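Here's the letter readout for the chains.
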Amino acid sequence: MYAAISPSKDETPTPKPIIVDGRARLSFVADADGMTRLDDLFQRDPQRILFPNPPKDDITQAVIVTTSGGLVGGDQISVEIETGEHAQALVMAQAAEKIYRSAGADSQINVRLEAAPSSWLEYLPQETILFDGARLRRSTAIDVAEGGRLLAGEMMVFGRLGHGEQFRFGSAHDGWEVSQNGHLVWADALHLKDDIAAVTSKPACFDSAVAAATGVYIGVDAEQHLTTARDIFAARDTTTLTGATFVNGVLVMRWLGRDAFALRNDFGAFWCAFRNQVAELPAALPRLWNM
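Residues numbered from 1 in each chain as written. Predicted model: local features only at pLDDT ≥ 70, side-chain atom pairs only at ≥ 80, totals over all residues. Heavy atoms only, no water.

Colleague: Sorry if this is basic, but what is going on with helix α2 (residues 226–234) here?
Modeller: Helical periodicity: at 3.6 residues per turn, an α-helix aligns residues three or four positions apart in one direction. Within the sequence span of α2, burial applies to Leu226, Thr228, Ala229, Ile232 and Phe233. Buried residues of α2, seen end-on, are gathered within an arc of 165° and therefore sit on one face of the element. (Buried < 20%, exposed > 50% of the residue type's maximum accessible area, 1.4 Å probe, protein only. Helix = DSSP H or I, 4+ residues; strand = E, 2+ residues; numbered from the N terminus. Arc of directions from axis to C-beta.)

Spelled out as structure tokens, the structure:
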């Protein structure tokens, strides 16, 4: 005789949370004809890399996609990009990165960018949207060899503004480390925690801004392009606060705005003008930027 016995409620196993550990790694090299080619590629869910056909007068492009649609507490993703000697590439994100409310653990994003001598690398993610209660810890580590050039940026939006939601509590840590030839030359971090709305509303802090962005340019000509950056800012009529400074070999640009969409447009317009004036590349962004 057999009897089927169902487990009691206390014996029912608790489902384990699904923790994301996504990775994207790619490197580019220049072949004998000077054409930039993909050298190495690794991708693990939810990270995927697409290679759209760039305009014929532009450089090699790659697009990073987060197929999960966003990150929750405990999820982590890493991005590693390298350009070999004489290679030129632009790597961007397919869409905004959403950081959902967390029950306690941080969502982690780790970015590492390396540019070899005589190479050009652009890292152009779209905005990171922090839901109310989100917890984000992001680090961006950059190493540029002598003669290499690199332009990178990040945008952050404080809340799901289209839904009337603000980023009032949680945490956000956004850290940068820039090295040249393996030696650290600049470090910076934004750290927000607990009652974030009280901090962002203060005139001496964010003065009620709902979005912020940082851009860095590293190259032998970085100091001379401080004027270039300031001129581009001055030429645009906008309510977004902007500024540029040169620190220890690194050109640093900042944006702060009460209108997230306006800041995004200003960020993109600056990128177009800067890459054109500094590297003689088309004053245009990939088509995905406007989709």
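Colleague: What exactly am I supposed to notice about the packing of aromatic side chains here?
Modeller: Two aromatic rings, taken as a pair, are described by how far apart their centres are and by the angle between their planes. Inspection of every chain in the model, using the stated rule, returns 11 aromatic pairs. With 5.4 Å between their ring centres and 85° between their planes, phenylalanine 158 and phenylalanine 206 make a pair best called edge-to-face. Taken as a pair, phenylalanine 158 in strand β12 (residues 149–158) and phenylalanine 206 in the loop between α1 (196–200) and β15 (211–218) lie far apart in primary sequence, 48 residues in all. When sorted by exposure, phenylalanine 158 lands in the same class as phenylalanine 206, which is buried. The interplanar angle of 25° and the centroid separation of 4.8 Å between the aromatic rings of phenylalanine 233 and phenylalanine 270 together place this pair among those described as stacked. (Phe/Tyr/Trp six-rings, centres within 6.5 Å; stacked < 30°, edge-to-face > 60°.)

Colleague: Teacher, can you tell me more about the confidence of the model for the protein chain here?
Modeller: Do not read the fine detail of predicted coordinates wherever pLDDT is low. For the protein chain, per-residue confidence averages 93 on the pLDDT scale, and 94% of positions sit at 70 or higher. pLDDT under 50 marks residues 1–7. Its contacts with residues more than four places away, or in other chains, come to zero contacts. (pLDDT = per-residue confidence, 0-100. Contact = heavy atoms within 4.5 Å.)

Colleague: Explain helix α3 (residues 260–279) here, please?
Modeller: In this model, α3 (20 residues) spans 28 Å end to end at C-alpha, consistent with the 28 Å of a helix rising 1.5 Å per residue. Counting buried positions over the 20 residues of α3 gives 14, a clear majority of the element. The opening residue of α3, the one whose side-chain oxygen lies 3.0 Å from the backbone nitrogen of phenylalanine 261, is aspartate 259. Where α3 terminates, the next one or two residues include glutamate 280, which has phi positive at roughly 55°. (Expected span 1.5 Å × (residues − 1). Polar contact = N/O pair within 3.5 Å; in protein donor to acceptor, adjacent residues only side chain to side chain.)

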